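# Structural overview for review
As a plain string of letters, each chain reads:
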Amino acid sequence: MKFDFRERDVDAIELMDDPHADARMLARTYGRFGLLNALLSHPGRLYRRDIRPRAAHTQRLRILDIGAGGADLCRFLAWRLRRDGFDAEITALDADERAIRWAQAHDRGAGVTYRCAMTTELVAAGETYDVVLSNHVLHHLDRAQLRTVIGDSRRLVAASGLISHQDIARSRAAYLLYAGVTWPLARTALADSFIREDGLMSVRRSYTVAELQEFAPPGWSVRGSIPARLELRWNGDPAPIG
Ligand SMILES: C[S@@+](CC[C@H](N)C(=O)[O-])C[C@H]1O[C@@H](n2cnc3c(N)ncnc32)[C@H](O)[C@@H]1O
């Protein structure tokens, strides 16, 4: 099938977002996010570039992952920080209680805090974090939800903090790349999950760098990186926090 990549395909609804999605396939999808993120999301680079330097200047680094899904990124950061001797408090937030239930049951000693809530509830509670991040969430959001998440991220982050929302950048090349990378795994590692089908829909739903720039408030930046990644970012006052 041929798709037009000039516009976001907002009618492409991911199977995992269906409240009646098959529970076994959904669980397997959460379980496979780690593999997918290891291939596509560069969690090690995020840790080295953004998390570790901040942890070195903070007594107890507070991290919020919005739309954490299976929370593999949270667990990865928890284990890296612990390995390097840093203290941290990591919150995995998701609006979908199925994701939070799965993630909580698979914490494996990481010590992450799991919360089923919207960002607005955290803002109302007056919570703040040193790092607010998300991965593969922006494309789930419509324009109004995106504005809410951007505004709430800013309210939730400390003055010296960092916001990093990372996602796929939409293009035909990204679609073909994802199709190619996941094709050999479709009947093995990714079988009985929504990863391949939802991923292809995600690319079609994703923003481009130029589209996201329209949403970026003053002081924020949007940058793309190869292959097919983008980051919406806000960097606070670099003064040490704690
Ligand atoms: C594709 S998954 C990504 C999961 C994880 N961040 C990862 O990289 O593997 C997107 C997740 O975002 C959650 N989500 C979507 N909109 C949200 C919102 N407004 N607030 C919190 N979570 C949201 C969904 O429930 C889903 O679990």
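Criteria and cut-off values
Residues numbered from 1 in each chain as written. Predicted model: local features only at pLDDT ≥ 70, side-chain atom pairs only at ≥ 80, totals over all residues. Heavy atoms only, no water. Helix = DSSP H or I, 4+ residues; strand = E, 2+ residues; numbered from the N terminus. Buried < 20%, exposed > 50% of the residue type's maximum accessible area, 1.4 Å probe, protein only. Contact = heavy atoms within 4.5 Å. Salt bridge = Lys/Arg side-chain N within 4 Å of Asp/Glu carboxyl O. Lys, Arg positive; Asp, Glu negative; His and termini not counted. Pairing = 2+ DSSP bridges. Right-handed = clockwise from strand over helix to strand, strands pointing away.

When you line up the elements, Gly199 lands in helix H8 (residues 195-205). The class for Gly199 is buried, based on a relative accessible area of 8%. Each C-alpha atom of the pair Gly199 and Tyr175 lies 8.7 Å from the other, and the pair is 24 residues apart in sequence. When residues no more than four places from it in sequence are discounted, the contact partners of Gly199 are Tyr178 and Phe194.

Another aspect to go through is the pattern of salt bridges. Applying the stated criterion to the full structure yields 16 salt bridges. Notably, a salt bridge pairs Arg101 with Glu97, separated by 3.6 Å at the nearest N-O pair. With Arg101 and Glu97 both in helix H4 (residues 97-105) and four residues apart, the pair spans about one turn of that helix. For Arg101, a relative accessible area of 52% gives the class exposed. Note that Arg115 is salt-bridged to Glu127, the shortest N-O span being 2.8 Å. With Arg115 in strand S3 (residues 113-116) and Glu127 in the loop between helix H5 (119-124) and strand S4 (129-135), the pair connects residues that are twelve residues apart, well separated along the chain. For Arg115, a relative accessible area of 28% puts it in the partly exposed group. Three or more residues are tied together by salt bridges with common partners; here these are Arg49, Asp50, Arg223, Glu231 and Arg233.

Here we take up the side chain of Asp107. Mapping Asp107 onto the fold places it in the loop between H4 and S3. Buried and unpaired, Asp107 has no salt bridge, with Arg75 as the nearest side chain of opposite charge at 6.0 Å. Sequence-distant contacts of Asp107, defined by excluding residues within four places in its chain, comprise Arg75, Trp79, Val112 and Tyr114.

Attention now moves to the pairing of S4. Burial runs high along S4: seven of the seven residues are buried. As judged from the four bridges shared by strand S1 (residues 61-66) and S4, these two strands associate in the parallel manner. Within S4, the position partnered with Leu64 by the bridge is Val132. Of the pairings in the sheet, the one linking S4 to strand S5 (residues 157-168) comprises six bridges and is parallel in character. Its bridge partner lying in S5, Tyr129 is registered against Val157. Between the parallel elements S4 and S5, the chain passes through helix H6 (residues 143-156) in a crossover that is right-handed.

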